Amino acid sequence: MASLALKFSIACWCVFYAFWIAVALRAKRTAKADSVAGSVAYRIPLILGVFLLFSSHRLGVPLATRVIAGGTGLALVSMAMSVMGLVICLWARVTLGRNWSAVVVVKQDHELIQAGPYRFVRHPIYTGIIMMFSANVLLDGRVGALVGLVCFIASFQLKLLREEKLMLAEFPGEYPDYCRRVKRLLPFIY
């Protein structure tokens with residue numbers, strides 16, 4: 001069952017990337033961009049997180065130590081998390097429309113989107129990606145994958161803080177109210 005769950009997860013990631021590539025060309029032109037240093041600051045933990053997930057089995061004790069036992073139930077949970085994360089990402093990406101960017105920027109004629117999944121969290125794409133990554137961590141079950149998840153989440157935390165700084169500067173009247181009403185990544189929690 002773990003093999004099927006892994007194939008299912010890979011299929012979800014393939015749909016994610018294919019969709020992202022297909023719609024990326026329709027994004028608006030960039031008006032303001034984050035600094036290169038800011039970009040590097042969140043990319044390093046992202047790369048480290050992905051490396052640890054895919055390499056933990058080769059890194060020796062303690063990183064290669066399995067701490068989450070597999071099984072049918074866990075495989076099913078992982079599959080559910082993969083598809084839910086994918087659906088959240090696609091819904092958010094469609095809702096965001098031409099305002100989307102893979103990096104921290106403000107687009108020309110940028111709009112503050114508060115519809116769709118943005119009614120529930122300010123960064124639903126990150127929520128969905130973290131959910132999909134977590135599904136893979138559950139399947140791997142090693143210490144290194146768990147450390148990778150911490151790095152991965154830290155990366156998105158750094159990125160969203162930079163994003164929110166730009167949004168606050170771009171929408172000084174609307175964004176603070178939006179932040180008071182809507183949590184960052186988890187509805188009603190954070």
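Structure's up top.
As the structure is a computational prediction, the values presented were derived from the model and not from experiment.

Draft legend 1. Seen up close, the overall build of the protein. Assigned secondary structure in the protein consists of six helices and two strands. Listed by position from the N terminus, the elements making up the protein come as α-β-α-α-β-α-α-α. Per-residue burial over the protein gives 45% buried out of 190 residues. In the form shown here, the protein has an accessible surface area of approximately 10000 Å², with 70% of it arising from carbon and sulfur atoms. Treating the 21 positive side-chain charges of the protein as one cloud and the 9 negative ones as another, the clouds have centres 8 Å apart.

Draft legend 2. Quick peek at the nonpolar core. Within the largest apolar cluster, 36 residues are counted, with the highest numbers of intra-cluster contacts made by Phe16, Tyr118, Ile125, Ile129, Met132 and Phe133. Elements with a minimum of two residues in this core: helix 1 (2-24), helix 2 (36-55), helix 3 (72-96), helix 4 (124-140), helix 5 (143-170) and helix 6 (175-181). Counting five residues, the second-largest nonpolar core is a separate cluster that includes Ile68, Leu74, Met81 and Leu138.

Draft legend 3. Focus on helix 4. If you check helix 4, its first and last C-alpha atoms are 24 Å apart, about what 17 residues at 1.5 Å a residue would give, namely 24 Å. Counting buried residues along helix 4, 16 of its 17 residues qualify, which places the element largely inside the surrounding structure. Among the residues trailing helix 4, Gly141 stands out with phi positive, at a value near 75 degrees.

Draft legend 4. Region of interest: the packing of aromatic side chains. Taken as a whole and judged by the stated rule, the model has eleven aromatic pairs. Plain terms: the ring middles of Trp91 and Phe120 are 6.4 Å apart, the flat faces sit at 50 degrees to each other, and that makes the pair tilted. Within this pair, whereas Trp91 is found in helix 3, its partner Phe120 is found in the loop between strand 2 (105-107) and helix 4, the two being separated by 29 residues in sequence. A relative accessible area of 39% means that Trp91 is categorised as partly exposed. Among the aromatic side chains, those forming a connected cluster through ring pairs are Trp13, Phe16, Tyr17, Phe19, Trp20 and Trp100.

Draft legend 5. Region of interest: unusual backbone geometry. A cis amide bond links Val61 to the next residue, Pro62, at an omega of 5 degrees. For Pro62, the location among the structural elements is in the loop between helix 2 and helix 3. Here the phi dihedral of Asp109 falls at roughly 55 degrees; this positive angle occurs in a residue that is not glycine. Its place among the elements puts Asp109 in the loop between strand 2 and helix 4. Despite not being glycine, Phe188 has its phi angle at roughly 65 degrees, a positive value. Inspection of the secondary structure assignment puts Phe188 in the segment after helix 6. With a relative accessible area of 79%, Phe188 lands in the exposed category.

The rules we used
- Residue positions are given per chain, counted from 1 along the sequence in the order it is written.
- Note on the predicted model: pLDDT of at least 70 is required for a residue's local features to be given, and 80 or more for side-chain atom pairs to be given and counted; whole-chain, interface and lining totals, by contrast, use all residues.
- To get the side-chain values, take all heavy atoms of the structure and skip hydrogens and water.
- What counts as a helix is a DSSP run of H or I of at least four residues, what counts as a strand is a run of E of at least two, and both are numbered from the N terminus.
- Buried means the residue's accessible area, taken with a 1.4 Å probe over protein chains only, is under 20% of the maximum for its type, while exposed means over 50%, and partly exposed covers the values in between.
- Residue exposure ignores everything except the shown protein chains as possible cover, and the areas themselves are Shrake-Rupley values with a 1.4 Å probe.
- Neither His nor the chain ends contribute to the count of charged residues, in which Lys and Arg are positive and Asp and Glu negative.
- Where a charge lies is defined by one atom per residue type, namely NZ (Lys), CZ (Arg), CG (Asp) and CD (Glu).
- We call a set of buried residues a nonpolar core when its members are Ala, Val, Leu, Ile, Met, Phe, Trp, Tyr or Cys and they connect through side-chain atoms within 4.5 Å of each other.
- Take the residue count of a helix, subtract one, and multiply by 1.5 Å to get its expected span.
- Note on aromatic contacts: the rings of Phe and Tyr and the six-membered ring of Trp form a pair at centre separations within 6.5 Å, being stacked when their planes are under 30 degrees apart, edge-to-face when over 60 apart, and tilted otherwise.

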